[in-house]
Amino acid sequence: MARSDRSGDIILSTRNVTKRYGQVEAVRELTLEIRDGEFFTIVGPSGSGKSTLIRMLGGLEAPTTGSVWLRDEDITHVPANRRPTCMVFQSLALFRHRSVGENIEFAQKMRGVPPGERRRHALEMMRIVRLPDSYYNRRIHQCSGGEQQRVALARALASDPTILFFDEPLSAIDYRLRKILEVEMKDLHRRTGKTFVYITHSLEEAMVMSDRISIMRDGNIVQTGTPRDIYSRPGSRFVAQFMGEVNVFEIREGRIASPEADVSAIGRHGYLVLRPEHLRRLDGQDAADVRFEAIVESEYMLGSRLQYHLRAGDASLVAEIPIPAATGVTPGITARWGFDLADATLTED
Amino acid sequence: MKIGRRAGPLAAAPAMLLLATGFLVPVLIVFAFSLLPPRTFGWTGELTLSNYSTAFTDGYWRNLAWSCMLAALTTVLCLLLAWPAAKALHRLAGHRATAVTLAIALPIFISESVRLFGMALFLMPGGGILAGTLDAVFGISVGTILNTRIAALLGLVYIHFPFVLFPTLLGFSLLPNDQVEAARDLGASGWQVFREIELPLAAPGALTGALFCFVLSLGAYAEMSILGGQAVTVITRAIEQRFNYAQDWPLGAGLTMLVIALTAIVVFPFLRRVDIDRLIHR
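Procedures and definitions
- The written sequence of each chain sets the order in which its residues are numbered from 1.
- Chain letters and ligand numbers both follow the written order, the letters beginning at A and the numbers at 1.
- Local features in a predicted model are, by the rule used here, given only for residues with pLDDT of at least 70; side-chain atom pairs are given and counted only at 80 or more, and totals for whole chains, interfaces and linings are based on all residues.
- The basis for every side-chain value is the complete set of heavy atoms in the structure, and neither hydrogens nor water enter the calculation.
- A helix here means a DSSP run of H or I that spans at least four residues, while a strand means a run of E at least two residues long, and both kinds are numbered starting from the N terminus.
- Any residue under 20% of the maximum accessible area for its type is buried, any over 50% is exposed, and the rest in between are partly exposed; the area is computed with a 1.4 Å probe on protein chains only.
- The contact criterion used throughout is that any non-hydrogen atoms of two residues lie within 4.5 Å.
- Computed by Shrake-Rupley with a 1.4 Å probe, the accessible areas treat only the displayed protein chains as cover when residues are assessed.
- We count Lys and Arg on the positive side and Asp and Glu on the negative side, and we leave His and both chain ends out.
- Taken as the charge centre is NZ of Lys, CZ of Arg, CG of Asp or CD of Glu, depending on the residue.
- Within this scheme, the nonpolar core is defined by two criteria: the residues are buried Ala, Val, Leu, Ile, Met, Phe, Trp, Tyr or Cys, and they are joined through side-chain atoms within 4.5 Å.
- Any Phe, Tyr or Trp ring, taking Trp's six-membered ring, that has another such ring centre within 6.5 Å forms a pair; planes under 30 degrees apart are called stacked, those over 60 apart edge-to-face, and the others tilted.
- Charge over a ring is defined by NZ of Lys or CZ of Arg lying within 6 Å of the ring centre and within 35 degrees of the ring normal.
- Axis lines are fitted to C-alpha atoms, over the contacting stretch for helices. Their N-to-C directions set the angle, which ranges from 0 to 180 degrees.
- The labels follow the angle: roughly parallel below 35 degrees, roughly antiparallel above 145, roughly perpendicular from 65 to 115, and oblique for the rest.
- Take the far helix as the reference: if the near one is turned anticlockwise from it by less than a right angle, the crossing is left-handed, and if turned clockwise, right-handed.
- The classification used treats Ala, Val, Leu, Ile, Met, Phe, Trp, Tyr, Cys and Pro as nonpolar, Asp, Glu, Lys and Arg as charged, and all other residues, Gly among them, as polar.

Novice: Please set out the overall build of chain A residue by residue, giving values where relevant.
Specialist: Along its length, chain A carries 8 helices and 20 strands. Taking the principal axes of the C-alpha coordinates as reference, chain A spans close to 75 × 45 × 40 Å. Evaluated residue by residue, chain A yields a buried proportion of 54% over its 349 residues. Nonlocal contacts in chain A, meaning residues at least 24 apart in sequence, comprise 65% of its contacts between residues at least 6 apart. Entry remark: accessible area of chain A is about 15800 Å², with carbon and sulfur atoms responsible for 46%. Looking at chain A, you have 47 positive and 47 negative side-chain charges, and the mean spots of the two groups are 7 Å apart.

In structure tokens, the structure reads:
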């Protein structure tokens with residue numbers, strides 16, 4: 001499997017897709033473009049419509065209105081078994097009455113490929129996902145969670161899909177294994193060169209693996225971009241808050257009320273969004289566009305960083321400082337803090 | 001923990017006692033009678049296998065063959081009806097499925113004889129509900145299938161259908177929908193999904209239902225006599241005739257033991273193959 005040489009072309013798109021279940025609109029007027037060969041992740045809170053969307057992309061649900069396109073072909077009404085795509089389900093949906101090998105061979109068996117050829121192909125897929133050949137005859141219940149994950153991946157890859165869909169496959173796995181599999185998935189994507197479309201509610205997963213991310217809310221996409229863009233330049237308070245801890249200040253007539261400061265250089269109305277790592281403790285004559293005093297209310301250990309919850313007037317703020325730089329900040333003290341407007345983002349809503 | 005260890009056998013004791021007195025003892029008595037000389041009613045000091053040889057030489061194998069054939073046909077027809085019905089009910093789920101299930105289950109709470117006599121009234125020629133209505137409303141005169149093998153088969157299917165449907169439905173409940181979706185997603189056609197996923201996963205339930213149906217149909221009597229009339233003499237009717245009219249209890253007992261043996265031949269291999277624990281979600 002080699003990387004696609006068409007990287008960058010639009011391979012899958014939706015045009016004004018809507019899905020209704022009775023009175024409920026799970027997805028509304030959604031337009032989306034996914035590029036050939038990219039690792040594209042759709043992130044959103046529960047009930048945002050992301051699973052419905054991926055099921056429509058995979059042909060497991062039909063849109064109520066709108067269309068789904070594979071390159072220049074309208075595949076809206078093409079059933080799942082006739083699409084060049086494959087899904088790795090949240091539950092993995094492995095066939096427990098079949099062995100590991102039989103699971104991986106399933107798609108080829110459905111196509112009438114002879115047993116010998118199927119077996120060779122299955123063993124090749126097992127090597128790609130780093131499963132030992134000896135697992136070929138194992139039953140699914142004899143495999144650990146991580147191994148089952150690999151079987152599901154190998155089974156999907158064995159059908160040689162143009163696009164692979166993942167519906168939160170790591171959500172039920174413990175933290176340590178999830179981190180390993182995240183890296184392996186990214187590596188697998190690089191080695192196969194296939195288009196991966198991934199659904200998750202975990203921001204961390206999305207950031208680690210994705211080339212581009214779409215944030216979904218209430219059945220529609222509110223922002224699409226690279227992980228870095230979305231994190232550092234969120235288009236709305238919702239995106240900013242969804243992508244992690246954030247400080248939000250309302251701007252009126254070029255000023256924020258608490259802590260009081262003139263921020264007209266960034267805008268006159270809207271919301272100023274600031275990541276906690278950009279809120280610094282100021283020493284002596286340290287310069288910052290916005291400076292204020294705040295009481296340190298509490299301190300939390302985040303591994304390599306410390307998180308501080310601050311109070312400045314009516315405002316509750318959050319700051320994160322790398323541990324070597326955090327000396328001298330303890331709950332109860334009043335200290336000077338500040339940030340530069342260049343590190344902040346202005347959003348309209 | 002002593003009480004804990006004893007709890008199982010203690011709880012099972014009443015049922016075991018009932019089985020011992022209500023099933024095992026009568027079977028042993030019937031077995032003892034089957035070894036007595038023909039037309040005797042008590043111990044004569046002589047034991048014989050002549051009743052078993054008579055069962056094969058006097059044409060009773062025909063009655064047994066008819067019973068087996070009708071039971072097998074009933075089982076196949078019930079399975080053919082129950083599989084799509086169970087699949088539909090499984091998909092419906094929720095309140096609508098409950099209503100449909102109740103509609104199917106309700107007749108079970110009415111006496112089998114009442115239902116069979118109702119069906120006989122329905123099929124009766126001339127003044128029967130079907131023929132009478134067709135004649136009165138449409139002026140069409142039709143014959144009847146009452147007192148035929150077809151009527152008996154119809155009755156067997158009608159009575160035993162729920163015994164196949166509900167275990168089949170239980171089998172479908174063990175079939176995760178995501179596995180069907182995964183198979184479709186991996187390129188399986190409708191037939192391939194049935195063969196590769198539905199059949200192996202839902203089959204234990206359907207087979208359990210089929211087993212109930214076959215065993216109950218093999219021992220069915222009322223359907224044959226009320227709807228089948230004299231059209232066919234099945235083994236249960238032959239046994240009843242030996243015990244009542246012919247007053248030949250040993251031969252009746254011999255025929256009964258053959259039916260029990262046949263049932264065991266069908267049931268035990270099945271029980272060895274089907275994972276009952278899985279079926280009851282343990």
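More follows now that the structure is in view.
Novice: Residues and numbers for unusual backbone geometry, please.
Specialist: One non-glycine residue, A:Asp218, adopts positive backbone phi at about 50°. Mapped onto the fold, A:Asp218 is located in the loop between β9 (212–217) and β10 (220–225). A:Asp218 gets classed as exposed once you look at its relative accessible area, which sits at 51%. Even without a glycine there, the phi angle at B:Gln247 is positive, about 50°. By the element assignment, B:Gln247 lies in the loop between α11 (235–243) and α12 (249–273). Given the relative accessible area of 39%, B:Gln247 is considered partly exposed.

Novice: Summarise the nonpolar core; cite the residues concerned and give the values.
Specialist: Residues and elements named next belong to chain A. Residues Leu12, Ile104 and Val197 are the most contacted members of the largest nonpolar core, which totals 91 residues. With 7 residues, the top contributor of residues to this core is helix α4 (residues 145–158). In this structure valine 197 touches Ile34, Phe40, Ile42, Ile54, Leu57, Ile163, Leu164, Phe165 and Phe166, once residues within four positions along its chain are discounted. Residues Ile251, Leu272, Ala312 and Ala315 belong to the second largest nonpolar core, which totals 26 residues.

Novice: A description of the packing of aromatic side chains should follow, citing residues and the corresponding values.
Specialist: Inspection of every chain in the model, using the stated rule, returns 14 aromatic pairs over all chains. An angle of 75° between the planes, with centres 5.5 Å apart, marks the rings of B:Phe41 and B:Trp249 as edge-to-face. You can see B:Phe41 sitting in the loop between α1 (2–34) and α2 (50–57) and its partner B:Trp249 sitting in helix α12, a full 208 residues away along the chain. A residue is classified by how much of its surface remains accessible, and B:Phe41, at 45% relative accessible area, is partly exposed. Taken together, the ring pairs in this structure connect A:Phe39, A:Phe166, A:Phe196 and A:Tyr198 into an aromatic cluster. Here A:Arg237 stacks its cationic end above the ring of A:Tyr271, 3.8 Å away from the centre of that ring.

Novice: How would you summarise the packing of helix α3 (residues 60–92) of chain B against helix α7 (residues 149–173) of chain B if you had to cite specific residues and measurements?
Specialist: All names here are of chain B. In contact at an axis separation of 6 Å, α3 and α7 are set at 45° when each is read in the N-to-C sense. Of the possible angle classes, the one that applies to α3 and α7 is oblique. The two elements α3 and α7 meet at a crossing, and its hand is right-handed. The class makeup of the residues in the contact of α3 with α7 is 20 nonpolar, 5 polar and 2 charged.

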